[in-house]
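Read off the chains here:
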Amino acid sequence: MNTVIEEMKEYALSYNVPIITDDGLSFLLDYIRKNHVKKILEVGAAIGYSAICMCGADPEVEVTTIERDEKRYLEAVKNIKKAKLEDRIDLIYHDALDVSLEEEYDLIFIDAAKAQNQRFFERFGNNLKDGGTIITDNMNFHGLVYVEETEIDSRNLRQLVRKVKTYKEFLEENTKYRTKFYDIGDGLAVSVKK
Ligand code: SAH
Ligand code: MG
């Protein structure tokens, strides 16, 4: 298990796959244990790193995770097999914005295209149990939310940073959830459904 995880970290580094940071991950795993989370939906599997690690938090954890990129999806299939977690991780190869799910989850981890955070939140909010939690990764957007907009050269990047900020406001104003922001890893938003 540990070698699979180490190999995935090396792969992520070599191929620039933005897996969760160590600090972000330990927060997530603690949260799962403390809140007795069992059923998890993840949006953005990449190579399966966070999904596999979340299964390590508790033997009863089950993860449904969605990935749209073929190369990463195939890599995730391999890794889940190596980790012998095929029966606990359900990997869906699709664009999450076209996926409809019936089941309810204790935790939803949003970690896909940052410009689409609000759409993922709204789409899957109905699949969250009352009292359940949505955790969103990369709220600091690699530190860029703290940089003056005029200092960001790329127009595309400026727009993405603005989207992350708008999403933050959306969470703050959403009265159905109580959201806290943590400056851990690349910034995490923890939104508990009231
Ligand atoms: N959660 C992973 C990292 C995910 S990186 C980990 O920490 O190990 C973000 C991933 O989301 C990328 O692989 C990207 O292809 C995927 N993604 C982005 N938008 C998506 C969408 N609309 N549907 C499905 N996957 C998406
Ligand atoms: Mg992330």
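Higher on the page you've got the structure.
One structure accompanies this document, and this report is about it.

Rules behind the numbers
- Residues numbered from 1 in each chain as written.
- Chains lettered and ligands numbered in written order.
- Predicted model: local features only at pLDDT ≥ 70, side-chain atom pairs only at ≥ 80, totals over all residues.
- Heavy atoms only, no water.
- Pairing = 2+ DSSP bridges.
- Helix = DSSP H or I, 4+ residues; strand = E, 2+ residues; numbered from the N terminus.
- Axes fitted to C-alpha atoms, helices over the stretch in contact; angles between N-to-C directions.
- Contact = heavy atoms within 4.5 Å.
- Near = heavy atom within 4 Å.
- Polar contact = N/O pair within 3.5 Å; in protein donor to acceptor, adjacent residues only side chain to side chain.
- Areas by Shrake-Rupley, 256 points an atom, 1.4 Å probe, with all protein chains shown as cover.
- Nonpolar A, V, L, I, M, F, W, Y, C, P; charged D, E, K, R; others polar.
- Donors = N, O, S within 2.8 Å, 3.2 Å for Na, K, Ca; no water.
- Buried < 20%, exposed > 50% of the residue type's maximum accessible area, 1.4 Å probe, protein only.
- Salt bridge = Lys/Arg side-chain N within 4 Å of Asp/Glu carboxyl O.
- Patch = residues over 30% accessible without salt bridge, like charges linked within 9 Å, V, L, I, M, F, W, Y side chains within 5 Å.
- Lys, Arg positive; Asp, Glu negative; His and termini not counted.
- Charge placed at Lys NZ, Arg CZ, Asp CG, Glu CD.
- Expected span 1.5 Å × (residues − 1).

1. Some details on the sheet that holds strand E5 (residues 128–136)
So, point 1. Strand order in the open sheet formed by seven strands is E3-E2-E1-E4-E5-E7-E6, with mixed pairing between adjacent strands. In the strand order of this sheet, the two ends are held by strand E3 (89–93) and strand E6 (177–182), each with one partner. Neighbouring strand axes in the sheet, compared pairwise and without regard to direction, differ in orientation by 15° on average.
So, point 2. Of the strand pairs in this sheet, strand E2 (residues 62–67) and E3 are connected by five bridges, and their pairing is parallel. Counterpart to Ile66 in the pairing with E3 is Ile92.
So, point 3. Seen against the sheet, helix H4 (residues 70–82) touches E2 and E3 and runs at an angle of roughly 160° to E3.

2. Some remarks on the site of ligand 1
So, point 1. Residues in close proximity to ligand 1 total 21 residues, the closest being Gly44, Ser50, Glu67, Ala96 and Asp111.
So, point 2. Contact distances for ligand 1 include 2.8 Å between a nitrogen atom and a backbone N or O atom of Ala96.
So, point 3. Residue Asp111 places a side-chain N or O atom 2.8 Å away from a nitrogen atom belonging to ligand 1.
So, point 4. About the coverage of ligand 1: the protein hides 95% of its 590 Å² of free accessible area.
So, point 5. Within the residue set of the shell around ligand 1, elements represented by two or more residues are helix H3 (49–55) and E2.
So, point 6. Of the residues contributing to the shell around ligand 1, the split by class is eleven nonpolar, three polar and seven charged.

3. Focus: the coordination of the magnesium ion (ligand 2)
So, point 1. With distances of 2.1 to 2.2 Å, the protein atoms coordinating the magnesium ion (ligand 2) are Asp111 (OD), Asp137 (OD) and Asn138 (OD1).
So, point 2. Since its relative accessible area comes to 13%, Asp111 is described here as buried.
So, point 3. Given a relative accessible area of 9%, Asn138 falls into the buried group.

4. Some details on the environment of Leu160
So, point 1. Following the sequence through the fold, Leu160 ends up in helix H6 (residues 155–173).
So, point 2. Placed 29 residues apart in sequence, Leu160 and Ala189 show a C-alpha to C-alpha distance of 17 Å.
So, point 3. For Leu160, the contacting residues outside a window of four places in its chain are Ala115 and Phe141.

5. Considering the pattern of salt bridges
So, point 1. Within the structure shown, the criterion is met by ten salt bridges.
So, point 2. We note a salt bridge from Glu103 to Lys39, for which the minimum N-O separation is 2.2 Å. Separated by 64 residues along the polypeptide, Glu103 in the loop between E3 and strand E4 (105–110) and Lys39 in strand E1 (residues 39–43) bring together distant segments of the chain.
So, point 3. Among the residues examined, Lys39 registers a relative accessible area of 23% and is labelled partly exposed.

6. Details of a negative patch on the surface
So, point 1. Side chains of Glu60, Glu62, Glu86 and Asp87 sit close together on the surface and give a patch of like negative charge.
So, point 2. Looking at the secondary structure, you find Glu86 in the loop between H4 and E3.
So, point 3. Exposure remark for Glu86: the relative accessible area of 46% places this residue in the partly exposed category.

7. As for the side chain of Asp137
So, point 1. Here Asp137 shows up in the loop between E5 and H6.
So, point 2. Buried within the structure, Asp137 lacks any salt-bridge partner; Lys114 is the closest side chain of opposite charge, at an N-O distance of 5.3 Å.
So, point 3. Beyond its immediate stretch of four places on either side in the chain, Asp137 contacts Ile20, Phe109, Ile110, Asp111, Lys114, Gly187 and Leu188.

8. Notes on helix H1 (residues 2–14)
So, point 1. Here H1 is 13 residues long and its end C-alpha atoms lie 19 Å apart, about the 18 Å a rise of 1.5 Å per residue gives.
So, point 2. Lining the buried residues of H1 we find H3 and H4.
So, point 3. Asn16, located one to two residues past H1, shows a positive phi value of around 55°.

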